[in-house]
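Coordinate inspection notes
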Amino acid sequence: MAQPNQKKRLTVPGFVDLKKASRKICVLTAYDFPTARLLDDAGVDAILVGDSMAMVIQGHDTTLPVTLDEMIYHGEMVARAAKSSMVIVDLPFPTFHMGVHKAVELAGRVLKETQCQAVKLEGGQDQQEVIAGLVAAGIPVMAHVGLRPQSVHAMGGYKIQRDEEQLLADALAAQSAGAFGIVLECIPEQIATRITAELDIPTIGIGAGANCDGQVLVIHDLLGLTSGYVPTFVKQYANLGKTIRDAVGNWCQEVRDGEYPDAKHSFK
Ligand code: KIV
């Protein structure tokens, strides 16, 4: 039962209404409790427990190795932290490629065991049947078209996707199957603008220009915590990598110099 004075969580229909109200939608990834709590406090509309976790947290080269159990483990922490942001958990490869029945079973586990509000899966036209099956089971689905990192090998690398008619067909197919939103990843701005205009559901862009209904970024990229390659569409709003390296370096120096702990930080 809702408690008085408790902040209200953004719902799936509320998410769709943001497009109708022309209010840009802010989505960021998080993979743990403290980060999710900070994003929730800062007022992001939705937190995505992305399978980017495989690269950002686990240190893999692709998103393919992360398992369903790992997504559930991290999704549960994030959903427990988020009080007002909607929480969406990515379905990892290949959980939704084994038929509608299996997809409902596995996405159902995600919803039950994490208490998130929705799942995301990569695909459009090719996943129409699965999206419709999940939606019929009461599992809200966000689709993901354009660059689909789970298909990196089939696509021959992380490349900008330019097939306008296919991208539009994917987005329209996902919408007609019942998806409540669509991530558009790494597509030219003009194509994202057209898709956004033709859809009733929100488009959430990442490397898709300014005219999507919302934007999503990987939190480690935004905060300057990513080691190695940072995509050109990322704007860094902080350099926490430097802040952490400096703080830890200072601590090591003070321990080695015998300055820490001093009297103020010791028990009498
Ligand atoms: O896994 C992820 O973080 C994503 C976003 C980059 C959209 O799918």
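Since the structure is predicted, the reported quantities are computational estimates derived from the model, not experimental observations.

**A look at helix α4 (residues 68-81)**
Taking 1.5 Å of rise per residue, 14 residues should cover 20 Å, and α4 covers 20 Å from first to last C-alpha, within 8% of that figure. Residues of α4 that are buried include every one of Leu68, Met71, Ile72, His74, Gly75, Met77, Val78, Ala79 and Ala81, and no others. Among the structural elements, α2 (33-42), β2 (46-49), α3 (53-56), β3 (86-90) and α5 (100-114) are those in contact with the buried residues of α4.

**Here's the deal with the sheet that holds strand β4 (residues 118-122)**
In spatial order, the strands read β1-β2-β3-β4-β5-β6-β7-β8; together these 8 strands close into a barrel with parallel pairing. Within this sheet the neighbouring strands show an average axis-to-axis angle of 25°, counted without direction. Taken together, the 4 bridges between β2 and β3 define a ladder with parallel strand orientation. Paired with Val49 across the bridge in β3 is Val89.

**What to know about the packing of helix α8 (residues 164-177) against helix α9 (residues 189-198)**
The interhelical angle for the contact between α8 and α9, taken along N-to-C directions, is 30°, at an axis separation of 10 Å. Overall, the two elements α8 and α9 adopt an arrangement that is roughly parallel. Crossing handedness for the pair α8 and α9: right-handed. Judged by residue contacts, Glu164, Glu165, Leu167, Leu168, Ala171 and Leu172 of α8 engage Gln190, Ile191, Arg194, Ile195 and Glu198 from α9.

**Quick look at a nonpolar patch on the surface**
Residues Met55, Val56, Ile57 and Tyr158 make up a contiguous nonpolar surface patch of about 310 Å² in total accessible area. Along the chain, Met55 falls in helix α3. For Met55, a relative accessible area of 32% gives the class partly exposed.

**Points about the site of the ligand**
Around the ligand, the neighbouring residues are Thr29, Leu48, Gly50, Asp51, Ser52, Asp90, Lys120, His144, Val183, Ile206 and Val216. At 3.0 Å, a side-chain N or O of Asp51 approaches an oxygen atom of the ligand. In this structure, an oxygen atom belonging to the ligand sits 2.5 Å away from a side-chain N or O atom of Ser52. Contact with the protein chains covers 95% of the free accessible surface of the ligand, which is 260 Å². Judged by the proximity of its atoms to the pocket grid, the ligand belongs to the largest pocket. The class makeup of the residues in the shell around the ligand is 4 nonpolar, 4 polar and 3 charged.

**Digging into the environment of Lys268**
Positionally, Lys268 belongs in the segment after α11 (240-256). Each C-alpha atom of the pair Lys268 and Ala42 lies 39 Å from the other, and the pair is 226 residues apart in sequence.

**Quick word on the domain arrangement of the chain**
It is common to report an interface's size as the accessible area lost on association of the parts. Here the chain is partitioned into domain 1 (12-237) and domain 2 (239-268). Centre-to-centre separation of domain 1 and domain 2, based on C-alpha positions: 39 Å.

**A few points about the layout of surface pockets**
Here the largest pocket is characterised by a volume of approximately 970 Å³. Forming the boundary of the largest pocket are 40 residues, of which Met55, Glu185, Asp221, Pro231 and Phe233 lie nearest the centre. The class makeup of the residues in the lining of the largest pocket is 19 nonpolar, 13 polar and 8 charged. Here the second largest pocket is characterised by a volume of approximately 170 Å³. Taken together, Gln125, Asp126, Gly146, Arg148, Met155, Gln161, Arg162, Asp163, Gln166, Leu167 and Asp170 make up the lining of the second largest pocket. Per-element tally for the lining of the second largest pocket: the top contributor is α8, with 3 residues. Grouping the amino acids of the lining of the second largest pocket by side-chain chemistry returns 2 nonpolar, 4 polar and 5 charged.

**Quick notes on the side chain of Lys120**
In this fold, Lys120 is placed in strand β4. A distance of 2.7 Å separates a polar atom in the side chain of Lys120 from a polar atom in the side chain of His144.

**Comments concerning the pattern of salt bridges**
Counted under the stated rule, the structure contains 13 salt bridges. The residue Arg148 makes a salt bridge to Asp126 at a minimum N-O spacing of 3.9 Å. Here Asp126 lies in the loop between β4 and α6 (128-136) and Arg148 lies in the loop between β5 (141-146) and α7 (152-155), a separation of 22 residues in the sequence. On the accessibility criterion, Asp126 (48% relative accessible area) is partly exposed. For Arg194, the salt bridge identified is with Glu164, shortest N-O distance 2.8 Å.

Basis of the calculations
Residues numbered from 1 in each chain as written. Predicted model: local features only at pLDDT ≥ 70, side-chain atom pairs only at ≥ 80, totals over all residues. Heavy atoms only, no water. Helix = DSSP H or I, 4+ residues; strand = E, 2+ residues; numbered from the N terminus. Expected span 1.5 Å × (residues − 1). Buried < 20%, exposed > 50% of the residue type's maximum accessible area, 1.4 Å probe, protein only. Contact = heavy atoms within 4.5 Å. Pairing = 2+ DSSP bridges. Axes fitted to C-alpha atoms, helices over the stretch in contact; angles between N-to-C directions. Parallel < 35°, antiparallel > 145°, perpendicular 65-115°, else oblique. Left-handed = near helix turned anticlockwise from the far one by under 90°. Patch = residues over 30% accessible without salt bridge, like charges linked within 9 Å, V, L, I, M, F, W, Y side chains within 5 Å. Areas by Shrake-Rupley, 256 points an atom, 1.4 Å probe, with all protein chains shown as cover. Salt bridge = Lys/Arg side-chain N within 4 Å of Asp/Glu carboxyl O. Near = heavy atom within 4 Å. Polar contact = N/O pair within 3.5 Å; in protein donor to acceptor, adjacent residues only side chain to side chain. 1 Å grid on protein atoms, 1.4 Å probe; cavity = no way out; pocket = protein on both sides within 12 Å on 5 of 7 lines; lining within 4 Å. Sits in = over half its atoms within 2 Å of the grid points. Nonpolar A, V, L, I, M, F, W, Y, C, P; charged D, E, K, R; others polar. Domains from an automatic or database assignment. Points joined across faces, edges and corners; volume = space filled by probe spheres on them.

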